Amino acid sequence: MPPIIQLRGLRKHYGDFVAVDGLDLTVNEGDVYGFLGPNGAGKSTTIRMMLSLITPTAGSIELFGMPLTTHRNEILRRIGAIVERPDFYNYLSARRNLELLGRLSGADVSRQNVLRILDIVGLSDRAESKVKTFSHGMKQRLGIAQALLHDPDLIVLDEPTTGLDPHGMVDIRRIIIDLAKEHGKTVLLSSHILPEVELTATRMVIINHGKAIVEGAVQDLLNNGRLKVTIETTSVASALDVLRTSPFADRVQSTGEGAVILSLDREEVHAATQLLINNNVHINGVIPVRSLEEYFITLTQEVA
Amino acid sequence: MILTAIRVELAKVFSKWRTYIGFIAMGVLIPIVVIAMGIEGSAYFDFATQALQQAFTFTGNLMNGYTVGYILLGMLYVHVPLLVTLVAGDILAGEATGGTYRLLLTRPLSRTTMVTAKFIATLLTTNLLVLFMAALSLALGTLLLGTGELVVIRSQITILAADDVLWRFVLAYGFAALAMTTVSSVAFLFSSLVENAIGPIMTTMAIIIVFTIISAIDIPMFDHVRPLFFTTHMQGWKKLFDDPIIWSDVFISGGVLLFHIIACYVGAVVILRRKDILT
């Protein structure tokens, strides 16, 4: 089984500006693949090249084992995508937008099927409303609906939760997880919102300045490197006094109410807590807050 | 696939308010002109022929539906280009403005197919407007003012018998459709270059105005370029009311217009095929 997505040495430059710089990427069937990077890292440019919206300067793109240059239509028939903002024909209703776009993708655009897809994204009650009356969140949902309408094998979601409220973000995450688990879809999820990837993706790549910095399973990547821990205590002042005269003095990053936050190597956690206990600081709990966010910032700062 | 794409494009075009502006404008203007001609047409005809009335006597129903149709065709030629560019200028640029190129060009249809479908939708809309204009002006004119001889005053006076006029109108409106298609094609080409519909509309109108002025100024240095301007040939419909018709002139004008249409279409295809979609 060939990889669903295989990018080799992908490069795009505009004059002197290099947007994507020799990117390699492999996404296998069934992956929910997080495509992470700060704004301007080259994520959207890469996705646009994958969808033939932009011509690469160099490199190769293969999807479903076929080169994009020679099998464009065959490939696009199997992809559903949202690329950045969810823009639609505002003068048409949600149903009519899906119907017209679905026709071009060879989808079943019967009223019943269109309404079924709108129901999946929670828009069936607004099917006949013009899109110009929709909120940003509703347009994002409609974007997912148009990506699903022709039952694609690969779903490419570029910043699908941007601008959504917390409820909207949870809903979109639920839909992404369902797509992979219930419907067996492969999902490429581009985002700069890290919890989104952390909570949904199985594998991920982090890119910056158009280059891949690290690639692998999300859990594997999170278990490497330095941890951030919250040490909960009723005596914050005493804890701070002890830590600021210890080898961890420069690692006390911040304090909160009833807690001290430390940045530690994994093997230092025990030593730090033992130090506090030995100095009669009562500890209620030690909670790792090391997150993908921290990992991401560390990595992108190192490369920058 | 191309038929599906054309149907989709037509559905989008006819869902937009701006598409109907031309039809509404014609629907209002033509009845007003026909009714006004019916009421004061004789005075208008006397004014138009006052220089000739010392030498000629005009009798009969000369302010009839055919005369009004001829006058309307000449008058509306100035305004219809603006109306057809409203659709043609927006059909590609509107996708860029609305950010919907991203939706459209990630479908499994080639860019050439997409541009062709849009071009055909533009041509159909343009020709529908010309057909509407022809049907309304001739039907309303002959219904309210009857038929009769058509007096054509150009470099010479041509009086065409009533039964010799209708086929000329059919060909003249056919030629008008070709001329308006040329205007649409120019706007279509500009629409492929920019990301806002106002630009192609303004640019096309500016070109028509500039070329028309150059065509009208009788300066020898323009003699070589004037035949190349599509605006020079847009008035070719008038040759169909000459007697006899010099067909070679008609075909040359038609050929120049057709060349512009094909060149604009090919230009738009090449531009869109090479364009990076960044909006």
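Bear in mind that the values here come from a model prediction, so they are computed numbers and not experimental data.

Novice: Any chance you could explain the overall build of chain B here in plain terms?
Specialist: On a plain count of helices and strands, chain B comes out with 10 helices and two strands. Secondary structure of chain B in N-to-C order comes out as α-α-α-α-α-α-β-β-α-α-α-α. Here the C-alpha radius of gyration of chain B, 21 Å, is about what a compact globule of 279 residues would show, namely 19 Å. For chain B, the spread of C-alpha atoms along the principal axes amounts to about 70 × 45 × 25 Å. Here chain B holds 279 residues, and the buried ones make up 51% of them.

Novice: Mind showing me how you'd approach helix 4 (residues 111-120) of chain A here?
Specialist: Every α-helix winds through 3.6 residues per turn, so residues three or four apart in the chain are directed the same way. All names here are of chain A. Along helix 4, the residues that are buried comprise N113, V114, I117 and L118. End-on view of helix 4: buried residues confined to an arc of 140°, all on one side of the axis. Among the structural elements, helix 3 (94-105) and helix 5 (136-148) are those in contact with the buried residues of helix 4. Downstream of helix 4 by one or two residues, G122 has phi in the positive range, about 75°.

Novice: Teacher, can you tell me more about the sheet that holds strand 7 (residues 154-158) of chain A here?
Specialist: Either a parallel or an antiparallel arrangement is found when strands of a sheet pair, and the pairing is made through backbone hydrogen bonds. Residue and element names in this part refer to chain A. Overall, mixed pairing links the six strands, which are arranged 6-7-8-3-9-10 in an open sheet. If you trace the sheet from one side to the other, it starts and ends with strand 6 (79-82) and strand 10 (211-217), each paired once. Neighbour-to-neighbour, the strand axes of the sheet open up by a mean angle of 15°, direction not taken into account. Relative to strand 7, strand 6 is paired through four bridges, and the arrangement is parallel. Within strand 7, the position partnered with I79 by the bridge is L154. Its contacts with the sheet place helix 5 against strand 6 and strand 7, and it is angled at close to 165° to strand 6.

Novice: Explanation requested: the packing of aromatic side chains in the structure shown.
Specialist: What describes a pair of aromatic rings is the distance from one ring centre to the other and the angle between the planes of the rings. Following the criterion strictly, the structure yields 14 aromatic pairs over all chains and no others. Consider the rings of W237(B) and F241(B), whose centres lie 6.1 Å apart with planes at 85°: the pair is edge-to-face. Given a relative accessible area of 0%, W237(B) falls into the buried group. A cation sits over an aromatic face here: R78(A) above F64(A), 3.9 Å from the ring centre.

Novice: Explain helix 8 (residues 198-216) of chain B to me, please; I cannot follow it from the model alone.
Specialist: Residues and elements named next belong to chain B. Over its 19 residues, helix 8 extends 27 Å from the first C-alpha to the last, a length consistent with the 27 Å expected when each residue adds 1.5 Å. What helix 8 keeps buried is the set P200, I201, T204, M205, I208 and I214. At its buried positions, helix 8 is contacted by helix 3 (65-88), helix 4 (93-98), helix 7 (166-193) and helix 9 (230-234).

Novice: Please explain the environment of L148(A) as it appears in this structure.
Specialist: Residues and elements named next belong to chain A. By the secondary structure assignment, L148 is in helix 5. Residue classification places L148 among the buried residues on the basis of a relative accessible area of 10%. In sequence terms L148 and A107 are 41 residues apart; their C-alpha atoms lie 9.6 Å from each other. Setting aside residues no more than four positions away along its own chain, L148 makes contact with I117, I120, I155 and L179.

Novice: Whenever I open this one, the pairing of strand 1 (residues 150-153) of chain B confuses me. Can you help?
Specialist: Working note: regular strand, side chains alternate between the two faces of the sheet. All names here are of chain B. Inspection of the sheet shows strand 1 paired to strand 2 (residues 157-160) by four bridges, in the antiparallel sense. Within strand 2, the position partnered with V151 by the bridge is I159. Between strand 1 and strand 2, which pair antiparallel one after the other, the connecting turn spans three residues.

Novice: When you look at the pattern of salt bridges in this model, what are you seeing that I'm missing?
Specialist: Side-chain pairing between opposite charges can occur once the charged atoms of the two side chains come close. On inspection of all chains with the given rule, the structure shows 26 salt bridges over all chains. Among the salt bridges present, the one from E9(B) reaches K12(B), with a minimum N-O distance of 3.0 Å. Note that E9(B) and K12(B) are positioned in helix 1 (residues 2-13) at a spacing of three residues, about one turn of the helix. Taking the relative accessible area as the measure of exposure, K12(B) reaches 3% and is therefore buried. Bridged by salt links that share partners, the residues R95(A), R96(A), E99(A), R103(A), R111(A) and E128(A) form one connected network.

Novice: Before we go on, may I ask you to explain the interface of chain B and chain A in this structure?
Specialist: Put simply, an interface is often sized by how much accessible area is lost when its parts join up. Taken together, the contact between chain B and chain A spans 28 residues of the former and 28 residues of the latter. Across the chain B/chain A interface, buried area totals approximately 2,600 Å², and carbon plus sulfur atoms make up 56% of it. In terms of surface lost to chain A, no three residues of chain B exceed R102(B), R107(B) and P108(B), which account for 27% of the buried area on that side. Inspection of the chain B/chain A interface yields two salt bridges. Inspection of the chain B/chain A interface yields 16 residue pairs in polar contact (both at pLDDT 80 or more). Listed by contribution, the elements that provide at least two residues to the side of chain B that touches chain A are helix 1, helix 4 and helix 5 (101-104) of chain B.

Novice: What am I meant to see in the sheet that holds strand 1 (residues 5-14) of chain A here?
Specialist: Residue and element names in this part refer to chain A. Taken together, the four strands give an open sheet; going across it, the order is 2-1-4-5, and neighbouring strands pair in antiparallel fashion. Of all strands in the sheet, those with a lone pairing partner are strand 2 (17-27) and strand 5 (66-67), marking the two edges. Note: strand 1 against strand 4 (residues 58-63), five bridges, orientation antiparallel. Across the sheet, residue R11 finds its bridge partner in strand 4, namely A58. Docked against the sheet, helix 1 (residues 43-50) engages strand 1, strand 2 and strand 4, running at close to 115° with respect to strand 1.

Novice: Where do I start with the packing of helix 3 of chain B against helix 8 of chain B in this structure?
Specialist: A pair of packed helices can be characterised by two numbers: the angle between their axes and the separation between those axes. All names here are of chain B. Direction vectors running N to C along helix 3 and helix 8 enclose 155°, while the axes themselves pass 9 Å from each other. Judged by the angle between their axes, helix 3 and helix 8 are roughly antiparallel. As for the relative orientation of helix 3 and helix 8, their crossing is right-handed in sense. Of helix 8, the residues touching helix 3 (which contributes P81, L82, T85 and L86) are I201, T204, M205 and I208.

Novice: Is there a simple way to explain the domain arrangement of chain A in this structure?
Specialist: Structurally, chain A comprises domain 1 (5-222) and domain 2 (226-290). The centre of domain 1 of chain A, based on its C-alpha atoms, is set 41 Å off from the matching centre of domain 2 of chain A.

Novice: Even after reading the chapter, I still don't get the packing of helix 3 of chain A against helix 1 of chain B, so can you show me in this structure?
Specialist: In the contact formed by helix 3 of chain A and helix 1 of chain B, the axes pass within 9 Å of each other and the chain directions differ by 160°. Our classification of the angle between helix 3 of chain A and helix 1 of chain B gives roughly antiparallel. Handedness of the helix 3 of chain A/helix 1 of chain B crossing: left-handed. Mapping the contact onto sequence places R96(A), L100(A), R103(A) and L104(A) in helix 3 of chain A and T4(B), A5(B), V8(B), A11(B) and K12(B) in helix 1 of chain B. Tallied by class, residues from the contact of helix 3 of chain A with helix 1 of chain B come to five nonpolar, one polar and three charged.

Novice: I would appreciate a short explanation of the confidence of the model for chain B in the present structure.
Specialist: Taken residue by residue, chain B gives an average pLDDT of 89. The fraction at 70 or more is 96%. Across the interface, the model reports ipTM at 0.85; the global pTM reads 0.84.

Parameters and conventions
- Residues numbered from 1 in each chain as written.
- Chains lettered and ligands numbered in written order.
- Predicted model: local features only at pLDDT ≥ 70, side-chain atom pairs only at ≥ 80, totals over all residues.
- Heavy atoms only, no water.
- Helix = DSSP H or I, 4+ residues; strand = E, 2+ residues; numbered from the N terminus.
- Rg over C-alpha atoms; globule rule 2.2 N^0.38 Å.
- Buried < 20%, exposed > 50% of the residue type's maximum accessible area, 1.4 Å probe, protein only.
- Arc of directions from axis to C-beta.
- Contact = heavy atoms within 4.5 Å.
- Pairing = 2+ DSSP bridges.
- Axes fitted to C-alpha atoms, helices over the stretch in contact; angles between N-to-C directions.
- Phe/Tyr/Trp six-rings, centres within 6.5 Å; stacked < 30°, edge-to-face > 60°.
- Lys NZ or Arg CZ within 6 Å of the ring centre and 35° of its normal.
- Expected span 1.5 Å × (residues − 1).
- Salt bridge = Lys/Arg side-chain N within 4 Å of Asp/Glu carboxyl O.
- Buried area = accessible area lost by both parts, 1.4 Å probe.
- Polar contact = N/O pair within 3.5 Å; in protein donor to acceptor, adjacent residues only side chain to side chain.
- Parallel < 35°, antiparallel > 145°, perpendicular 65-115°, else oblique.
- Left-handed = near helix turned anticlockwise from the far one by under 90°.
- Domains from an automatic or database assignment.
- Nonpolar A, V, L, I, M, F, W, Y, C, P; charged D, E, K, R; others polar.
- pLDDT = per-residue confidence, 0-100.

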